[in-house]
Amino acid sequence: MFIEYATFCERVDSLLHRIDGVCRTVGRDPAEITLLPVTKTHPAAAAEYVLRHGLAAVGENRVQEGIEKRALVPGPLRWELIGHLQSNKARLAATHFDRIQSVDSEKLLTALDRAAAELGKKLPVLLQINAGHDPAKFGAEPAAAPGLLEFALGRPHLQVDGLMTIAPLSPDPAVAQRTFAHLRLIRDGLTARFGVPLRELSMGMTGDLETAVAEGSTLLRIGSALFGPRD
Ligand SMILES: *Cc1c(COP(=O)(O)O)cnc(C)c1O
């Protein structure tokens, strides 16, 4: 059985409390940080809870699963794609998602820009950077980030909101800390060089959210701490 709505609310409160605690310690304003519930593998009720609570958006990993769930949860909820996207699904993703966080190649930027043009919309994206040099992760290499951003800024139907990364799985918290600090440095370098704000730093999940907040995250992608384990 899936969790009750009351349980979801308690978990949101507890997460916001943890985020506030880190913000107090490191001197950040909690208002800069958005909690993005990740509903992948969970039933449509998960997204319905998010909507009922008044949170703005959910994250989904797969295009098809997101499309099916979205059809079951009408309303003003925004849907963000956080999982790897192949160019041949760019059109589908651009149609059904409000933002794509996993953009990591010029090929994908080209396909999304073309799709957004046909749909008559400006599509928000984040550039996914493999800031932890993890061979198991998607994302552009840090050295390729300036070229990728320059290419993205030349696509008229895309709007680059910022950067996303996933820390390598490691028992050592220093690994996530280094990864997130690296993403922030990359962002600061790109902002200075290209004169664009790149406001969003999408980094931090259930296992490393405190570290991510301390390193400047603006968008925490949280699944298990809200909805329980995925099997
Ligand atoms: C599943 C997923 C998350 C959420 O992970 P939890 O550890 O359950 O919080 C965050 N980001 C991405 C890209 C994911 O695929």
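Above this text is the structure in question.
This structure is a prediction, so every number in the text was calculated from the model and none was measured. (Residues numbered from 1 in each chain as written. Predicted model: local features only at pLDDT ≥ 70, side-chain atom pairs only at ≥ 80, totals over all residues. Heavy atoms only, no water.)

### Focus on helix H3 (residues 63–72)
- All of the buried residues in H3 are Val63, Gly66, Ile67 and Lys69.
- Where H3 is buried, its residues contact helix H2 (44–53), strand S2 (57–60), strand S3 (78–81) and helix H4 (90–96). (Buried < 20%, exposed > 50% of the residue type's maximum accessible area, 1.4 Å probe, protein only. Helix = DSSP H or I, 4+ residues; strand = E, 2+ residues; numbered from the N terminus. Contact = heavy atoms within 4.5 Å.)

### Focus on the packing of aromatic side chains
- The full count for this structure, using the stated rule, is six aromatic pairs.
- With 6.2 Å between their ring centres and 25° between their planes, Phe2 and Phe227 make a pair best called stacked. In this pair, Phe2 is assigned in the segment before helix H1 (5–26) and Phe227 in helix H9 (residues 224–227), connecting sequence segments 225 residues apart.
- A relative accessible area of 21% places Phe2 in the partly exposed class.
- Here Phe8 and Phe227 contribute two aromatic rings whose centre-to-centre distance is 5.5 Å and whose plane-to-plane angle is 10°, an arrangement assigned as stacked. On the criterion of sequence distance, the pair formed by Phe8 in helix H1 and Phe227 in helix H9 is long-range, its members being 219 residues apart. For the residue pair Phe8 and Phe227, the accessibility class agrees, reading buried in each case.
- Ring pairing ties together the aromatic residues Phe2, Tyr5, Phe8, Tyr49 and Phe227, which thus form one cluster.
- Arg52 extends its terminal NZ or CZ atom over the ring of Tyr5, reaching a point 4.1 Å from the ring centre. (Phe/Tyr/Trp six-rings, centres within 6.5 Å; stacked < 30°, edge-to-face > 60°. Lys NZ or Arg CZ within 6 Å of the ring centre and 35° of its normal.)

### Concerning the site of the ligand
- Lining the immediate surroundings of the ligand are Val38, Lys40, Asn61, Ile82, Ile166, Met205, Thr206, Arg221, Ile222, Gly223, Ser224 and Arg230.
- Contacts to the ligand include Lys40, whose side-chain N or O atom sits 2.6 Å from an oxygen atom.
- In this structure, an oxygen atom belonging to the ligand sits 2.5 Å away from a side-chain N or O atom of Thr206.
- With the chains in place, 91% of the 390 Å² that the ligand exposes on its own is no longer accessible.
- Class assignment of the residues belonging to the shell around the ligand gives a composition of five nonpolar, four polar and three charged. (Near = heavy atom within 4 Å. Polar contact = N/O pair within 3.5 Å; in protein donor to acceptor, adjacent residues only side chain to side chain. Areas by Shrake-Rupley, 256 points an atom, 1.4 Å probe, with all protein chains shown as cover. Nonpolar A, V, L, I, M, F, W, Y, C, P; charged D, E, K, R; others polar.)

Functional significance is not addressed by these values, which are geometric in nature.
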